[in-house]
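So the chains spell out like this:
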Amino acid sequence: MFYREAGQFKTSYSADESVFPILQDRIGIAVILGLAFVVIPLTATSFTLSSVLIPVLIFSLAAIGLNLLTGYTGLLSLGTGGFMGVGAYACYKLTSLFPNANIIVLILASGFFSAGIGAVFGLPSLRIKGFYLAVATLASQFFLSWCFVRVPWLVNYNVSNAIEVPTRTMFDIPITGPNATPMTRYLVVLSIVVGMTWLASNLLRGRIGRTWMAVRDMDIAAELIGIRLYRTKLLAFAVSSFYCGVAGAMMVFLWLGAAEADSFNINQSFLILFMVIIGGLGSLIGSFFGAAFIWGLPIVLKMLPEFFGVKIHAATVEHLQFMTLGALIIFFLVVEPHGLARLWQIGKQKLRVWPFPY
Amino acid sequence: MRAPTSGPEVAAGDVLLSVENVSLSFGGVKAVTDVSFDIRKGEIRAIIGPNGAGKTSMLNVINGFYHPQKGRISFKGKTRSKMRPHEAAHGGIARTFQNVALFRGMTALDNIMAGRTLKMHRNFFWQLLRFGPALAEEVEHRHRVEEIIEFLEIQAIRRVQVGRLPYGLQKRVELGRALAMEPELLLLDEPMAGMNLEEKEDMSRFVLDVNNHYGTTIALIEHDMGVVMDLSDRVVVLDHGIKIADGTPDQVKSNQKVIDAYLGVAH
Ligand SMILES: Nc1ncnc2c1ncn2[C@@H]1O[C@H](COP(=O)(O)OP(=O)(O)OP(=O)(O)O)[C@@H](O)[C@H]1O
Ligand SMILES: [Mg+2]
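Residues numbered from 1 in each chain as written. Chains lettered and ligands numbered in written order. Predicted model: local features only at pLDDT ≥ 70, side-chain atom pairs only at ≥ 80, totals over all residues. Heavy atoms only, no water.

Digging into the overall build of chain B
If you tally the helices and strands in chain B, you get ten helices and ten strands. Principal axes of the C-alpha set define a box for chain B whose edges measure 65 × 40 × 35 Å. When contacts within chain B are restricted to residue pairs at least 6 apart in sequence, long-range pairs at least 24 apart make up 68% of them. Surface accessibility of chain B: about 11500 Å² in total, with carbon and sulfur atoms responsible for 52%. Mean positive and mean negative side-chain charge positions of chain B (33 and 33 charges, respectively) differ by 6 Å. (Helix = DSSP H or I, 4+ residues; strand = E, 2+ residues; numbered from the N terminus. Contact = heavy atoms within 4.5 Å. Areas by Shrake-Rupley, 256 points an atom, 1.4 Å probe, with all protein chains shown as cover. Lys, Arg positive; Asp, Glu negative; His and termini not counted. Charge placed at Lys NZ, Arg CZ, Asp CG, Glu CD.)

Structure representation (C-alpha cells):
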C-alpha cells in the first residue's frame, strides 16, 4: 500500500490531465531523471556509457518512433531501418553543407528529411492495410538500402563508402567526432530522448493521439466521427519517421562515429520491431523496456557464464542469444501481446493493493 | 450542448433530411429499392422492418458510407448524391452501430473525447507542447465530455478500456461518443439490441432526454415494437428494401401490409 492514489483527489480537470496524476509516479520520475542526469554521469564507466546506455537510449527513441506508427496507429512498418538511415545520411550531408551550424540543431533537422520520405512511403497505407502494407514498407526498406549503397553522393564520395563523423563542438566542447567524451555524448543523447519522449506523450494524450488510436481500433467509426484517414495516417508516418530519423542520426553521430549502409538494413528494422513487440505495442515506457531488454540480453548472457566461472564458446553464446530472443518473442506474442509494459502495470497494481492479494 | 453552427438553420418541424427515390444494391442483392421519406427537425423517426429489410443500409446511405445507385439525399436543404462519411460528420450527422463500433483499445473517456475531434482546432505544434491554449482547449472539451458522462451515468467506468466493458455499457459509451459530436441528426442503429428490460428503459430515457433537452433530431432503428411505439413521432416501415408504410405509430400499427410483413405472409 505504499503506492496508491487514495486521498489524492483532483480538484480540476487540468490537474487530472497531467502526465503523472499520482504523486508517487511524479516522485518516481523525478528520481529517475535525477539518476539519469546527475548520478549516472558521475559514476558510470565509459564502457557503460558507450556500450550500454547510449545505444539503449537511441534504440528507445527509434522504438518510440515505430510504436507511434505500429502500436498507436496500427500501421505495421518494416522500413524503420531505412528511415533511420535517411536521418543519418541527411545529417551527414547537412554537416558538410553547413559546417558551422550547431550539430544538435542539424541532428534534429535531419528528422525532417526522414519525415518527408516516411510520408511519401506511407502513401500506400491509404489503400492497403496489414500484411500488404508491411510488404510495401519492406519494399521501401530495400529501395532505401539500395540508395545508401549505390549513391556515393550521400557519403560525399568517400572511398570507404561510409559516413565518417566530423568533429563538431558546442561552447568549445566536442559533441561529435573522436574527441567527444562518452559523458558528453550520453548527456546530449539523454536530453534529446527525454525531450522527444515528453513531446510524444503530449501528442498521444491530445486530439492527435486519439485520432491515431481511433484509426487503429476502428477506421470506419473514425471516419464517421469526422477523422480524415489519409491525413491521420500520413501524419503518423511523418512523425514516426521523424523520430526514427533523429535516432538514426544520433546512432551514427553520437554513438558509432562511423556507419556503412549495412547499419540501416532490414535487420535493423526487425530489431526495432522486436523491441516494440517485447516492450509493448502502444506504450511509450514499453519502448524503453524493449530497447533495454533486447540490447541488454546479449550483454547479460555474455557475462553470466563468466560470472559463474563457466567457459562457454563465444559462438555458443551467440546461438543462445538468438534462441532466447526467438523464444521470448513467441512468448510475448502469444501470452502477453502488451509486452513488458503490461507486466509493469500488473506489478504496479499489485503494489497498490499490497499486502492484500487483490 | 450547443447546436452546431455550420450550415443554414432549419426551424423545428421543417424537413431536415429527405430521401428521394433511393435505390441501393450489392451485386444482385437489392438492399433498398426506390425509397423516399423525410425526417423533420426535432422529431424521433423510427425505421422498422423485419431482418434484412434494408434498415442499416438506409442509414449507411444517409451518412455517406454507401453511395446509392439511384436517388438523392437532401440534408439541411443541400442536395447531394455522393458524400464521404467525414463530410456527413462535418454536416452534423452522428451515428451508432448495430454491433458497436467503439475504439476498443481506448478508455471510455477517450472514446467520447474522440467524438469532439471536429470541434478541436489547436494545431500540431500546440498539441506537441500541450500548453497554454492547447491545454485550455483540452480542458474545455473535457468539461463538455464530463457533462455527457454524467448524463449517461457512466462516471464509474470513464477510465476503463471499452473492450472490457459489458455490452450494455458499450452501447452507452457509443451513444456518448455520438452525443459528443453535438449532432443535428443522430442515427441510432438498434441501440437497445441485446439489452435486458432495465437497460432498455435506461436507454429509452436517454434517447428521449437527448431529443427533449437538446432538440436533437433522431432516426432510430429498433425491433422492440413497444419501444418504437413509445418513443417515436413517426415510423417508416421497410420490407425487402421497399417502403411499405409511413406514418404515426398508430397508423402503422394498424396497416395490413405491416402486419403481413411481420407475420411473414408471402407476397
Ligand atoms: N455490404 C454488403 N454487401 C452485400 N450485401 C449487403 C451488404 N450490406 C447489406 N447487404 C444486404 O442487404 C440487405 C439489407 O441488409 P441490412 O443490413 O440493411 O438489413 P437490416 O434491415 O439492417 O437487417 P437487420 O434487422 O438484420 O439488421 C440484406 O439482404 C443484406 O444481406
Ligand atoms: Mg441492421
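Digging into the site of ligand 1
Residue and element names in this part refer to chain B. Residues in contact with ligand 1 amount to 14 residues; listed here are only the nearest, G52, K55, T56, S57 and Q98. With respect to ligand 1, the backbone of G52 contributes an N or O atom lying 2.9 Å from an oxygen atom. At a separation of 2.7 Å, an oxygen atom of ligand 1 approaches a polar side-chain atom of Q98. Compared with its free state, where it exposes 630 Å², ligand 1 has 65% of that area covered by protein. (Near = heavy atom within 4 Å. Polar contact = N/O pair within 3.5 Å; in protein donor to acceptor, adjacent residues only side chain to side chain.)

Side note on the sheet that holds strand β8 (residues 217–221) of chain B
Residue and element names in this part refer to chain B. On the basis of which strands lie adjacent, the open sheet formed by six strands has the order β6-β7-β8-β3-β9-β10 and mixed pairing. Edge positions in the open sheet fall to β6 (93–96) and β10 (242–247), since each of these has one partner strand only. Pairs of neighbouring strands in the sheet enclose a mean axial angle of 15°, with direction left out of account. Summarising the sheet, strand β3 (residues 44–48) and strand β9 (residues 234–239) pair through four bridges and their orientation is parallel. Bridged to I47 within β9 is V236. (Pairing = 2+ DSSP bridges. Axes fitted to C-alpha atoms, helices over the stretch in contact; angles between N-to-C directions.)

Let's talk about the domain arrangement of chain B
As a measure of interface size, the accessible area lost when the parts come together is often cited. All names here are of chain B. In terms of domains, chain B is made up of domain 1 (1–6 + 14–92 + 183–267) and domain 2 (107–181). Distance from the C-alpha centre of domain 1 to the C-alpha centre of domain 2: 26 Å. Taken together, the contacts link 20 residues of domain 1 with 16 residues of domain 2. Summed over both partners, the interface of domain 1 with domain 2 comes to about 1600 Å²; 67% of that surface belongs to carbon and sulfur atoms. The interface formed by domain 1 and domain 2 contains two salt bridges. At the surface where domain 1 touches domain 2, the tally comes to two residue pairs in polar contact (both at pLDDT 80 or more). Listing elements by their share of the side of domain 1 that touches domain 2, those giving two or more residues are α2 (85–91), β7 (185–189) and α7 (197–214). Counting residues per element, the side of domain 1 that touches domain 2 draws most heavily on α7, which supplies seven residues. In terms of residue class, the side of domain 1 that touches domain 2 is built from eleven nonpolar, two polar and seven charged. (Domains from an automatic or database assignment. Buried area = accessible area lost by both parts, 1.4 Å probe. Salt bridge = Lys/Arg side-chain N within 4 Å of Asp/Glu carboxyl O. Nonpolar A, V, L, I, M, F, W, Y, C, P; charged D, E, K, R; others polar.)

Re helix α3 (residues 46–72) of chain A
Considering bend angle alone, the principal kink of α3 of chain A is centred on L66 of chain A and spans about 35°. Of the residues one or two after α3 of chain A, G74 of chain A is the one with positive phi, at around 75°. (Bend = angle between axes of the 7 residues up to and from the residue.)

What to know about unusual backbone geometry
All names here are of chain B. A positive phi angle, near 50°, is found at K76, a position not held by glycine. Its place among the elements puts K76 in the loop between β4 (70–75) and β5 (78–80). The class for K76 is buried, based on a relative accessible area of 8%. Of note in this structure, R130 is not a glycine but carries a positive phi near 45°. Looking at where R130 falls in the secondary structure, it is placed in the loop between α4 (124–129) and α5 (133–151). A residue is classified by how much of its surface remains accessible, and R130, at 10% relative accessible area, is buried. (Buried < 20%, exposed > 50% of the residue type's maximum accessible area, 1.4 Å probe, protein only.)

Focus on the sheet that holds strand β1 (residues 15–26) of chain B
Note: strands within a sheet are paired through backbone hydrogen bonds, in either parallel or antiparallel orientation. Residues and elements named next belong to chain B. Taken together, the four strands give an open sheet; going across it, the order is β2-β1-β4-β5, and neighbouring strands pair in antiparallel fashion. Pairing within the sheet leaves two strands with one partner each, and these edge strands are β2 (29–40) and β5. Looking at each pair of strands side by side, their axes are set apart by 20° on average, direction ignored. Note: β1 against β2, eight bridges, orientation antiparallel. Within β2, the residue paired with F26 across the bridge is V29. Here helix α1 (residues 55–62) sits on the sheet in contact with β1, β2, β4 and β5, set at roughly 115° to β1.

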